[in-house]
Amino acid sequence: MTGTGVGPELIRLTDVDAGYDHEVVLHDVNVHVHEDQFTGIVGPSGAGKTTLLRLMLGIVRPMSGSIEMRPDLRMAYVPQLETVNWDFPVTVLECVLMSGSRVGRVSLPWASKPEKAEAHAVLERLGIDTLADRQIRNLSGGQQQRMFLARALYRRPELLLLDEPTSGVDVTTRHDVLHLLADLHEDGVAIVLTTHDLNGMAAHLPHLVCVNHRVIADGTPADVMRPEVLEQTFGARMEVLEHLGMRVVVDERPEHAMKWTS
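So, here's what we can say about the structure. What you see is a predicted model, and the numbers here were worked out from it, not measured in a lab.

1. Brief notes about the overall build of the protein
Thinking step 1. Secondary structure summary: the protein contains 7 helices and 12 strands in total.
Thinking step 2. Taken over 262 residues, the protein has a buried fraction of 52%.
Thinking step 3. In the protein, the proportion of contacts linking residues at least 24 apart, taken out of those at least 6 apart, comes to 65%.
Thinking step 4. Carbon and sulfur atoms make up 50% of the accessible area of the protein, which amounts to about 12,600 Å² in all.

2. Details of the environment of Ile136
Thinking step 1. Structurally, Ile136 can be placed in the loop between helix 3 (113-125) and helix 4 (141-153).
Thinking step 2. A relative accessible area of 3% means that Ile136 is categorised as buried.
Thinking step 3. Between the C-alpha atoms of Ile136 and Leu93, which are 43 residues apart in sequence, the distance is 9.4 Å.
Thinking step 4. Among all residues touching Ile136, those that are not within four sequence positions of it are Asn85, Trp86, Phe88, Val90, Thr91, Val92, Cys95, Gln144 and Met147.

3. What about the packing of aromatic side chains?
Thinking step 1. The final tally for this structure, using the stated rule, is 1 aromatic pair.
Thinking step 2. Ring plane angle 90° and centroid distance 5.7 Å describe the contact between Trp86 and Phe148, whose orientation is recorded as edge-to-face. Taken together, the residues Trp86 in the loop between strand 5 (75-78) and helix 2 (92-97) and Phe148 in helix 4 connect sequence positions 62 residues apart. Across the pair, Phe148 and Trp86 agree in class, each one buried.

4. Here we look at helix 5 (residues 171-186)
Thinking step 1. Here helix 5 is 16 residues long and its end C-alpha atoms lie 23 Å apart, about the 22 Å a rise of 1.5 Å per residue gives.
Thinking step 2. Positive backbone phi, approximately 105°, marks Gly188, located one or two places after helix 5.

5. Observations regarding the packing of helix 4 against helix 5
Thinking step 1. Helix 5 packs onto helix 4 with a crossing angle of 15° between their chain directions and a minimal axis gap of 10 Å. The angle between helix 4 and helix 5 places the two elements in the roughly parallel class. Judged by the twist between their axes, the crossing of helix 4 over helix 5 is right-handed. Taken together, the residues of helix 5 that come into contact with helix 4 (itself represented by Gly142, Gln145, Arg146, Leu149 and Leu153) are Thr173, Asp176, Val177, Leu180, Leu181 and Leu184.
Thinking step 2. When grouped by side-chain class, the residues that make up the contact of helix 4 with helix 5 number 6 nonpolar, 3 polar and 2 charged.

6. Examining the sheet that holds strand 5
Across a sheet, strands are paired by hydrogen bonds formed along the backbone, either parallel or antiparallel in direction.
Thinking step 1. Spatial strand order, 5-6-7-3-8-9: 6 strands in an open sheet with mixed pairing. Only two strands of the sheet have a single neighbouring strand rather than two, namely strand 5 and strand 9 (215-219). Sheet twist, expressed as the average angle between the axes of neighbouring strands with direction ignored, equals 15°.
Thinking step 2. Of the pairings in the sheet, the one linking strand 8 (residues 207-211) to strand 9 comprises 4 bridges and is antiparallel in character. Counterpart to Leu208 in the pairing with strand 9 is Gly219.
Thinking step 3. Across the face of the sheet, helix 7 (residues 227-234) comes into contact with strand 3 (38-42), strand 8 and strand 9 while running at roughly 140° to strand 9.

7. Topic: the sheet that holds strand 2 (residues 23-34)
Thinking step 1. In spatial order, the strands read 2-1-4; together these 3 strands make up an open sheet with antiparallel pairing. The two strands at the open ends of the sheet, each matched to only one other strand, are strand 2 and strand 4 (64-69). On average, each strand axis in the sheet is inclined to that of its neighbour by 15°, with strand direction left out of account.
Thinking step 2. Lying over the sheet, helix 1 (residues 49-57) contacts strand 1 (9-20), strand 2 and strand 4, oriented at roughly 125° with respect to strand 1.

8. As for the pattern of salt bridges
Thinking step 1. Scanning the entire structure with this criterion turns up 8 salt bridges.
Thinking step 2. Across the pair Arg125 and Asp187 runs a salt bridge, and its minimum N-O distance is 2.4 Å. With a gap of 62 residues between them, Arg125 in helix 3 and Asp187 in the loop between helix 5 and strand 7 (190-195) connect regions that are remote in the sequence.
Thinking step 3. Among the residues examined, Arg125 registers a relative accessible area of 46% and is labelled partly exposed.
Thinking step 4. With relative accessibility at 53%, the residue Asp187 sits in the exposed group.
Thinking step 5. Residue Arg174 pairs with Asp197 through a salt bridge whose shortest N-O separation is 3.2 Å. Taken as a pair, Arg174 in helix 5 and Asp197 in the loop between strand 7 and strand 8 lie far apart in primary sequence, 23 residues in all.

9. Some remarks on the pairing of strand 11 (residues 246-251)
Thinking step 1. Sheet topology note: the strand 10 (residues 238-243)/strand 11 ladder contains 6 bridges and is antiparallel. Across the sheet, residue Glu242 finds its bridge partner in strand 11, namely Arg247.
Thinking step 2. Adjacent in sequence and paired antiparallel, strand 10 and strand 11 are bridged by 2 residues, among which Leu244 carries a positive phi angle near 55°.

The rules behind each value
- Residues numbered from 1 in each chain as written.
- Predicted model: local features only at pLDDT ≥ 70, side-chain atom pairs only at ≥ 80, totals over all residues.
- Heavy atoms only, no water.
- Helix = DSSP H or I, 4+ residues; strand = E, 2+ residues; numbered from the N terminus.
- Buried < 20%, exposed > 50% of the residue type's maximum accessible area, 1.4 Å probe, protein only.
- Contact = heavy atoms within 4.5 Å.
- Areas by Shrake-Rupley, 256 points an atom, 1.4 Å probe, with all protein chains shown as cover.
- Phe/Tyr/Trp six-rings, centres within 6.5 Å; stacked < 30°, edge-to-face > 60°.
- Expected span 1.5 Å × (residues − 1).
- Axes fitted to C-alpha atoms, helices over the stretch in contact; angles between N-to-C directions.
- Parallel < 35°, antiparallel > 145°, perpendicular 65-115°, else oblique.
- Left-handed = near helix turned anticlockwise from the far one by under 90°.
- Nonpolar A, V, L, I, M, F, W, Y, C, P; charged D, E, K, R; others polar.
- Pairing = 2+ DSSP bridges.
- Salt bridge = Lys/Arg side-chain N within 4 Å of Asp/Glu carboxyl O.

In structure tokens form, the structure reads like this:
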């Protein structure tokens with residue numbers, strides 16, 4: 001994957017194999033992330049999408065190959081909502097401050113007035129500043145996702161990594177998240193996200209990478225959302241239709257006939 005970015009390179013993975021307990025999950029992966037990139041990584045569950053993000057974060061070390069990263073690169077990560085312990089007794093504002101400042105210092109329990117003001121400004125930008133004192137367990141799915149975006153943005157990242165940011169949210173929230181990410185990208189934040197939502201999410205992104213334990217294809221949605229590529233990626237024949245100038249994917253398996261892929 002060379003990506004659509006033409007700006008300076010942030011991360012380069014070269015010939016990387018990676019996995020867990022000596023079991024290879026990703027094989028021979030080549031990824032270049034540039035500072036002007038907005039990329040969606042698509043593939044089925046267990047294909048290695050999250051592992052690819054963890055390689056970029058440095059959480060997973062490669063079994064072979066190399067990873068190069070621009071020195072002092074500021075990154076932020078938004079996990080899947082279902083992986084979060086929502087019973088943890090913390091407010092929205094506290095959760096944002098706990099992410100640490102852009103210089104790496106955790107702001108609690110003695111956050112300064114400027115730090116709190118900055119956290120409130122980020123929450124306001126995402127439309128949830130009125131929820132600053134609410135316990136995180138009392139948030140809706142869309143509010144939870146906005147809170148984690150605020151937590152990430154508080155670090156002023158140059159690269160934002162998101163794992164299935166629209167999983168488990170309604171259509172309105174999905175559209176809101178897409179618009180927010182597009183605005184962030186316009187502001188100069190490089191974005192890489194994972195998704196299995198071909199029609200609701202992937203079709204709207206400028207650059208896609210299909211992954212199933214290796215990189216199957218990468219390019220624009222027009223390049224990637226083709227029956228032969230999707231079959232290699234998802235293991236099932238899919239029909240691709242044109243609708244209002246956009247590509248729409250339909251799973252052709254009998255038990256899923258005419259069901260939109262999501």
